[in-house]
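# Survey of secondary and tertiary structure
What follows is the residue order along each chain.
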Amino acid sequence: MQQDHNMLRGISENGGIVFYGVDSTEIVREMERLHKTSAVTTAALGRLLTAASMMGIMLKSTRDSVTIQIRGGGPAGRLLAVSDGTGNVKGYVENPVVELPPREDGHLDVGNAVGRDGTLDVIRDLGMREPYIGQVPLTSGEIAEDITSYFAISEQVPTVCALGVLVDTDLSVRCAGGFIVQLLPGATEQEIDLLEQNIKAMPSVTAMLEQGKTVRDMLDMALQGFQPDILDSYHVTYRCDCSRERVEGMLRSLGRKEVEKLRDEDPIAEVNCQFCDKIYKVDLNELLENWPVSDEKTAEKKN
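Summarised in this report is the structure supplied together with it. (Residues numbered from 1 in each chain as written. Predicted model: local features only at pLDDT ≥ 70, side-chain atom pairs only at ≥ 80, totals over all residues. Heavy atoms only, no water.)

### Concerning the sheet that holds strand β5 (residues 89–93)
Selection rule: Here a strand pair is declared whenever DSSP counts at least two bridges between the two strands. Each helix is a run of H or I in the DSSP string that is no shorter than four residues. Each strand is a run of E no shorter than two, and both are numbered from the N terminus. Axes here mean lines fitted to C-alpha atoms, for a helix over just the part in contact, with angles spanning 0 to 180 degrees between N-to-C directions.
Within the open sheet, the 5 strands sit side by side as β5-β4-β3-β6-β7. Their pairing is antiparallel. Each having just a single partner strand, β5 and β7 (132–137) make up the two edges of the open sheet. Taken pair by pair, the neighbouring strands of this sheet meet at an average axis angle of 10°, ignoring direction. Sheet analysis places strand β3 (residues 65–71) next to strand β6 (residues 119–125), joined by 7 bridges and oriented antiparallel. Residue pairing across strands places R71 opposite T119, the latter belonging to β6.

Given below as structure tokens:
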């Protein structure tokens, strides 16, 4: 595993167990910097970004993407995380500032911030005509349990998911990370029992990271007795792929007549990216002057 790599994918010697792990500290720090989230929403969206990054690595092509959406009915509102096929992620929370008292155990109350009355949706864009969409009801709103439930119900893959974000008193992110362990067909009962014992004995993700443990250490602890091998390692970041070209394309997708209506209200359109908060100012007169002829002909045929 290269020194700057913060994600790895490993497998047990006999191929019955696969492990994904990530130190997402820098990802969550960048998210908090961009969205100015409160402690509990930092933890909630940070966990979702961590899971999405690992699920991005599971995709078969680097051109594919996976989107995880949670609507739980809690004060945080809608949470969204998007990963490309290389594990780079971006995210959004509808209400970035939510203040709730901690749980009885002193931990941030992510479950009540997210809510439990709703669904977790996973949308995989695999470059086909229609994306693959899986949906499961929320079980706890704590994110990790909901991801585990998604794999069990929607994909029927026995999975353990552990996620953690540790927020300091000054709202800075001390550490963040997670791992996903999945059983492949052919795993024996003895192997399942040993894996359960290993995971039960592991400290929390944030406790391990605070102790200086690496993602490789997490792999070795989870798969102790299985002689695991590292298949791949990656450097994953918070990365928004917005651009002026994408914004102009989005405006064109509204149709010429709609853009003309917008132009009549204000010749300069301001479009704010929800993932990185960047603002694009588009001159609608200029956009209309350079409108592709092919788009006009398509609109004429529809009319």
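### Things to note about the packing of aromatic side chains
Basically, it comes down to this: Here is the rule: rings of Phe, Tyr and Trp (six-membered ring for Trp) pair when centre to centre is within 6.5 Å. Planes less than 30 degrees apart are stacked, more than 60 are edge-to-face, and the remainder are tilted. Only protein chains enter the accessibility calculation, which uses a 1.4 Å probe. A residue is then buried if its area is under 20% of the maximum for its type, exposed if over 50%, and partly exposed in between. Think of it as a cone above the ring: NZ of Lys or CZ of Arg counts as a charge over the ring if it is within 6 Å of the ring centre and within 35 degrees of the ring normal.
Tallying each qualifying case throughout the model produces 2 aromatic pairs. Ring centres 5.8 Å apart and planes at 20° place the aromatic pair F19 and F179 in the stacked group. Of the two residues, F19 is situated in strand β2 (residues 17–23) and F179 in strand β9 (residues 173–183); the sequence distance between them amounts to 160 residues. Here F19 and F179 have matching classes, each one buried. Here Y150 and F151 contribute two aromatic rings whose centre-to-centre distance is 5.3 Å and whose plane-to-plane angle is 65°, an arrangement assigned as edge-to-face. Exposure class is identical for Y150 and F151. Each is buried. Over the ring of F275 we find K90, and its NZ or CZ is 4.6 Å from the ring centre.

### A short note on helix α7 (residues 215–222)
Test applied: It is the directions from the helix axis to the C-beta atoms whose arc is reported. It only takes one pair of heavy atoms within 4.5 Å for two residues to be counted as in contact.
Within α7, the full set of buried residues consists of V215, M218, L219 and A222. Angularly, the buried residues of α7 cover 100° about the axis, an arc narrow enough to put them on a single face. Close packing links the buried residues of α7 with β1 (7–11), β2, β9, α5 (189–201), α6 (205–210) and β10 (229–234).

### A word on the pairing of β6
Judged from the 6 bridges that link them, β6 and β7 form a sheet pairing that is antiparallel. Directly across from I123, in β7, lies its bridge partner I133. What sits between the antiparallel neighbours β6 and β7 is a turn of 6 residues, in which G127 has the positive phi angle 80°.

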